[in-house]
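Breakdown of the fold
Chain by chain, the residues:
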Amino acid sequence: MERSEVEKEILSWISSHSSRHDGGHLSASTPVLLERWVTSLQIAELLLFLEDTYDLELTVDTLKPENFQTAATIADLVLRVRDASHG
Amino acid sequence: MKLPESLANTLLMQSQTAFYDPHEAVHWPDDLGGPSWYMSPEMLSLHGTSWWKETTEQEHMQLSFWEFVNFLSMNIHGEKLLIEGIATRLYAPSLPAVSHYLHVLIDEENKHSMWFGTFCSRYAGTVFPPRSLSLPRNDWKEGEEDLQFFARILLFEELVDTMNVALARDERLHPLAREINRLHHRDESRHIAFGQTLVAALWQEHSLSWQPDTVRKVAGDLHLFAATLLQDLVNPAVYRKMGIPQTARLARAVLDGQPRTSCIQLEQRMRRALVRAGIPDGDPNGTE
C-alpha cells in the first residue's frame, strides 16, 4: 500500500464529507481539525471509513487529536496500525 | 435571562423525596443465567438484515447482550461528559439560580453510571471505549458554549430515556435489564424537564443577538449531534464480540441502509425536543 495513495483516498473522503464550501485549499498538510475540514461530529464516520477501507481496528489509544491533524498524519496512523497488525 | 429557578426548586424537592442508596437499589445476581434478551429485538442494529435471517434466536439474544453493553457504555461516556461539564458550571455567573439542582444532577448521574459500569464490568468484563475526539473550540459566540452543552445533554437524555422507557416495558427482556432501565428513567424524566426549560431559556436569551448565519449553524450542529448519537448505537466492537467478520464494513452498511423504525422514532423525539426549545430545524451541515 503506497503512502501517497492512502493520503489521496483520505483527502478524497475529507473533501466529500466536509461542510466547508468556501473554496479553501485542501492538501495533505492542511490542518483539517484546526480549519474545520473535519469536525468532532464526523470523527466516528471517519474511523469507520479508515477501518473498513484499510482493514484495521483503531483502538482507543489511537484516538488522539495529534493523529488526526492532517491527511498526512492520518495516513501515518493508518500505515502504523496496519504494519503492526499485519506484521 | 429568566432562569428556571422555580422549576429547579420543584425538581430539587422531588429528588429529595426520591433519594435512594444506589448500592441498595439494584440486586446483582452472581450470573445472568441462560440466554435472554437484553434489548428489544426490533431495536438491534442487525434486525432484519441478512445476518439476522441466517442466524439463530440464541445468536440474536447474544447480540442483544452486547448491544445492551454498548448502550450502557454510551451512557457512561455521555454521563462522564455531563458530570464534567456540570461541575465546571457550578455557581457560574451565567447560571446563578440553579447551582443547587446541578449538585443533585451530578449525584444522580454518578449513581446511574455506577449501575451501568457494574453491569458491564461484572457480566461483560468490559466497557466499550468511546469512538470520539474532544476538540477544544475558542470561537464561541456569546452564550453558545452553555447552549451547545445543555442542548447536547438534552438530546442525549431524550435518546436514552426513550430507550429506557421502551426497554423497561418489554417483558421479553431479562429482569435486570428492565430494572436498570426503569430506575434510570425515574430520574431522567426530571433531568429532561430541567434541561428542556433551561435550553429554551438559553436559546431565547442568546439567539436573538446572533447573526442569522450563526443561528442556522448552531441549530445545524445540534441536529448533526443528534444524528451522531444514533450512529453510536452501531459499534463495530459489538460485532467483533459476536465473531462477525469485516465489522467496520458491516457498521457502514447498517448506517447507510434503510433506517430502522426505532431509529426514526428516536430521531423524531430528539428533533421535537429541539423544536420545543425554540431551536429551528437547521442546516444539516453544521460547523461543529
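For the structure itself, look to the data block above.
Okay, so let's go over this structure. In this text, all values refer to a predicted model and were calculated from it rather than measured experimentally.

**What to know about helix α4 (residues 57–89) of chain B**
For α4 of chain B, which comprises 33 residues, the first-to-last C-alpha distance of 47 Å matches the rise-based estimate of 48 Å (1.5 Å per residue) to within 8%. Following α4 of chain B by one or two positions, Y91 of chain B adopts a phi angle in the positive range, close to 60°.

**Description of the packing of helix α1 (residues 3–17) of chain A against helix α3 (residues 71–85) of chain A**
Residue and element names in this part refer to chain A. Where α1 meets α3, the axes come as close as 9 Å, and the angle between the chain directions of the two elements is 125°. Classified by the angle between their axes, α1 and α3 sit oblique to one another. Like other packed secondary-structure pairs, α1 and α3 cross with a definite hand, here right-handed. Residues R3, V6, E7, I10, L11 and I14 of α1 pack against A71, A72, I74, A75, D76, V78 and L79 of α3. Classifying every residue of the contact of α1 with α3 by side-chain character gives ten nonpolar, no polar and three charged.

**Section: the interface of chain A and chain B**
Taken together, the 23 residues of chain A in the interface contact 26 residues of chain B. When chain A packs against chain B, close to 2,100 Å² is buried across both sides, 57% of that on carbon and sulfur atoms. When the area that chain A buries against chain B is broken down by residue, the three leading residues are R36, L41 and L48 of chain A, summing to 32%. Where chain A meets chain B, there are five salt bridges. Notably, a salt bridge pairs D52 of chain A with R249 of chain B, separated by 2.7 Å at the nearest N-O pair. In this structure, the connection of chain A to chain B is made through five residue pairs in polar contact (both at pLDDT 80 or more). Looking at the side of chain A that touches chain B residue by residue, the classes come out as twelve nonpolar, five polar and six charged.

So, how was this worked out
- Residues numbered from 1 in each chain as written.
- Chains lettered and ligands numbered in written order.
- Predicted model: local features only at pLDDT ≥ 70, side-chain atom pairs only at ≥ 80, totals over all residues.
- Heavy atoms only, no water.
- Helix = DSSP H or I, 4+ residues; strand = E, 2+ residues; numbered from the N terminus.
- Expected span 1.5 Å × (residues − 1).
- Axes fitted to C-alpha atoms, helices over the stretch in contact; angles between N-to-C directions.
- Parallel < 35°, antiparallel > 145°, perpendicular 65-115°, else oblique.
- Left-handed = near helix turned anticlockwise from the far one by under 90°.
- Contact = heavy atoms within 4.5 Å.
- Nonpolar A, V, L, I, M, F, W, Y, C, P; charged D, E, K, R; others polar.
- Buried area = accessible area lost by both parts, 1.4 Å probe.
- Salt bridge = Lys/Arg side-chain N within 4 Å of Asp/Glu carboxyl O.
- Polar contact = N/O pair within 3.5 Å; in protein donor to acceptor, adjacent residues only side chain to side chain.

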